[in-house]
Amino acid sequence: MLKKRSLISAAIALTLASSGALAAVSAQEAAKLGDSLTPFGAEKAGNAAGTIPAWTGGLTQAPAGYKGSGQHHLDPFAADKPLFTITKANLDQYKANLTAGQIALFNAYPQSFQMPVYESRRSGSAPQWVYDNTVKNATSAKLLDGGNGFSDAYGGIPFPIPQNGVEALWNHIARYRGTYIVRRASEVAVQRNGSYSLVTSQQEALFRYYNQNGSYADLNNLLFYYLSFTKTPARLAGGAVLVHEMLDQVKEPRQAWGYNSGQRRVRRAPNLAYDTPIAAADGLRTADDTDMYNGAPDRYDWKLVGKKEVYIPYNNYRVTSPSVKYDDLLQVGHLNPQHTRYELHRVWEVEGTLKKGARHIYSKRTLFLDEDSWGAAVVDQYDGRGELWRVSMAYLKNFYELPTTWSALDVFHDLQARRYHVQNLDNEESSTIDFSQAVPEDSYFKPSALRRRGTR
């Protein structure tokens, strides 16, 4: 432990010396990382009640029988049984540890919505090089232009000891999810009667911010590339979307292009941001709902409310198991509770209030960020009247082949329409997300490549 502390202190000192600037977090504060705090800034200790355990490094090895990236995940906690199940009947007993959106789901579907609660397992983990970079970022990272971007951070959580709401939000946006990913998955809009139609696509993303051979200077304001090709249904097959995600999107807006296979033309998609509705989501998800929240933070005032203990989706391996078919998983109103898993975890509560004069369909959004990974687990969203409208939940799990904590499924509930949208379904695919492919050159993600690759 002494050796580890000295290495952390040396890294902090080197960062301070090279930056020549006063950082928001002092070296003394940052030295808590890896000591009383985890390398990502979470409290290492458990809670006083003993219902949240201490973090001891998380899940870093795959269970026996797992053959590698691209294979469906085996559940390392398959033997666990629910401690109890929250229902509408016993809701009052657990309200203190639920979000307003979760409570609303119990009220909307009193006969069917349930939350099976399991032993809390702090499985969150990341590679050592990401931890090392996070320690460096702690004393060097700075917000730019009122929080519309950040500088002097790379390859790790930018603000592991956040001082305000927008820093915490950037931790979610810039969290680790591998470097290059390839996946084939489906999304569905589940109607009030439970009917749905799959839209299947191949997705690729290159997170330039996590290229181990790069640096902040190499980013040139470009965080990642995202590319998606629609495979089914036939009427949409061959269409493609390409996104160049910018760090400071006020200085330089997100660049996006679409390819229409019928017209065989590539066109700019300048409005793929903020509250633009996503067609494949049947109007249930906005552009900045994707990944629970993405894009520029400039239309909201962000407040770091603090920490609280919440029952959030965690270690959800069963929801994407090949043994669970879509017809069983996708029920009226919500996922089949039989296949979901919730645990008590500490979360950062971050509240965004729409700025005066700014336009968005959500007047307020409250994000609950898992302290061990910085991923948003639950987001409550309010309409222009201030009424709770939508609740989004990320069914988190550890992708132990990296390792990292990310979402198995993202689910977006519309409480008024009584419909919901699900992303990243791959249960019925022969393989799942693959992190092992060779990282392509930047030219692979140029608009000129869309037409020749976006074929039926």
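So, here is what we can say about the structure in this document. (Residues numbered from 1 in each chain as written. Predicted model: local features only at pLDDT ≥ 70, side-chain atom pairs only at ≥ 80, totals over all residues. Heavy atoms only, no water.)

1. Digging into the packing of aromatic side chains
Put simply, the rule is: Two rings from Phe, Tyr or Trp (for Trp, the six-membered ring) form a pair when their centres are within 6.5 Å of each other. A pair whose planes differ by under 30 degrees is stacked, one over 60 is edge-to-face, and the rest are tilted. A run of H or I in DSSP becomes a helix once it reaches four residues, and a run of E becomes a strand once it reaches two; helices and strands are each numbered from the N terminus. A simple rule labels every residue: compare its accessible area, found with a 1.4 Å probe on the protein chains alone, to the largest value its type can have, and call it buried under 20%, exposed over 50%, or partly exposed in between. Placement of a positive charge over a ring is assigned whenever Lys NZ or Arg CZ falls within 6 Å of the ring centre and within 35 degrees of the normal to the ring plane.
Tallied over the full model, the rule gives 26 aromatic pairs. Where tyrosine 176 meets tyrosine 210, the ring centres are 5.1 Å apart and the plane angle is 65°; that geometry is what we call edge-to-face. Placement of the pair is tyrosine 176 in the loop between helix 5 (165–173) and strand 5 (180–190) and tyrosine 210 in the loop between strand 6 (199–207) and helix 6 (216–219), with a sequence separation of 34 residues. The burial state of tyrosine 176 is the same as that of tyrosine 210; both residues are buried. Taken together, the ring pairs in this structure connect Trp129, Phe150, Tyr154, Phe159, Trp170, Tyr176, Tyr209 and Tyr210 into an aromatic cluster. Just above the ring of phenylalanine 412 sits the side chain of arginine 285; from NZ or CZ to the centre is 5.9 Å.

2. What about helix 5?
For clarity, the cut-off: For this analysis, a polar contact is any N or O atom pair within 3.5 Å, provided that within protein one partner can donate a hydrogen and the other can accept it, and provided that sequence-adjacent residues contribute only side-chain to side-chain pairs.
The element helix 5 is largely enclosed, with a buried count of nine among its nine residues. Those residues of helix 5 not exposed but buried are Gly165, Val166, Glu167, Ala168, Leu169, Trp170, Asn171, His172 and Ile173. Residue asparagine 164 occupies the N-cap position of helix 5, its side-chain oxygen lying 3.4 Å from the main-chain nitrogen of valine 166.

3. Thoughts on the pairing of strand 15 (residues 388–399)
We apply this condition: The pairing criterion is simple: DSSP has to find at least two bridges between the two strands.
In terms of burial, strand 15 is a largely internal element, eleven of the twelve residues being buried. Sheet topology note: the strand 14 (residues 376–382)/strand 15 ladder contains five bridges and is antiparallel. Its bridge partner lying in strand 15, valine 379 is registered against serine 392. Hairpin geometry of strand 14 and strand 15 is characterised by an intervening segment of five residues between the two adjacent antiparallel strands and by a positive phi of about 85° at glycine 386.

4. A closer look at the environment of threonine 85
Short version of the rule: Contacts are assigned to residue pairs that have any heavy atoms within 4.5 Å of one another.
Tracing the backbone shows threonine 85 in strand 1 (residues 84–86). With a relative accessible area of 28%, threonine 85 lands in the partly exposed category. On a C-alpha basis, the gap between threonine 85 and histidine 421 in space is 24 Å, while along the polypeptide they are 336 residues apart. Here threonine 85 is in contact with Asn90, Gln114, Met115 and Pro116, once residues within four sequence places are set aside.

5. Considerations on the pattern of salt bridges
Any two side chains of opposite charge can pair, given that their charged atoms come close. The condition that has to hold: Note on definitions: salt bridges are taken to be side-chain nitrogens of Lys or Arg within 4 Å of carboxyl oxygens of Asp or Glu.
One pass over the full model with this rule turns up 26 salt bridges. With a shortest N-O distance of 3.1 Å, arginine 359 and aspartate 275 are connected by a salt bridge. In this pair, arginine 359 sits in the loop between strand 12 (342–354) and strand 13 (364–370) while aspartate 275 sits in the loop between strand 10 (265–268) and strand 11 (300–313), placing the two residues 84 residues apart along the sequence. Between aspartate 414 and arginine 390 there is a salt bridge, with the nearest N and O atoms lying 3.3 Å from each other. Of this pair, aspartate 414 sits in strand 16 (residues 404–414) while arginine 390 sits in strand 15, and the two are 24 residues apart along the sequence. With relative accessibility at 5%, the residue arginine 390 sits in the buried group.

6. With respect to the nonpolar core
Selection criterion: Residues belong to a common nonpolar core when they are buried Ala, Val, Leu, Ile, Met, Phe, Trp, Tyr or Cys residues joined through side-chain atoms within 4.5 Å.
With 89 residues, the main nonpolar core has Ile86, Leu98, Tyr209, Leu330, Leu335 and Val422 as its most contacted residues. Ranked by the residues each element gives to this core, the list is headed by strand 15, at seven residues. With near-sequence residues (within four places) excluded, tyrosine 209 lies in contact with Asn137, Phe150, Ala153, Tyr154, Gly155, Gly156, Pro158, Ala174, Leu219 and Leu223. Formed by 14 residues, the second largest nonpolar core is a distinct cluster that contains Leu206, Leu222, Tyr225 and Phe229.

7. What to know about the side chain of serine 392
On the secondary structure map, serine 392 appears in strand 15. Given a relative accessible area of 2%, serine 392 falls into the buried group. Side chain to side chain, serine 392 and glutamine 381 meet in a polar contact 3.4 Å long. If near-sequence neighbours (up to four positions away) are discounted, serine 392 is found in contact with Met292, Ala377, Val378, Val379, Gln381, Val411 and Phe412.

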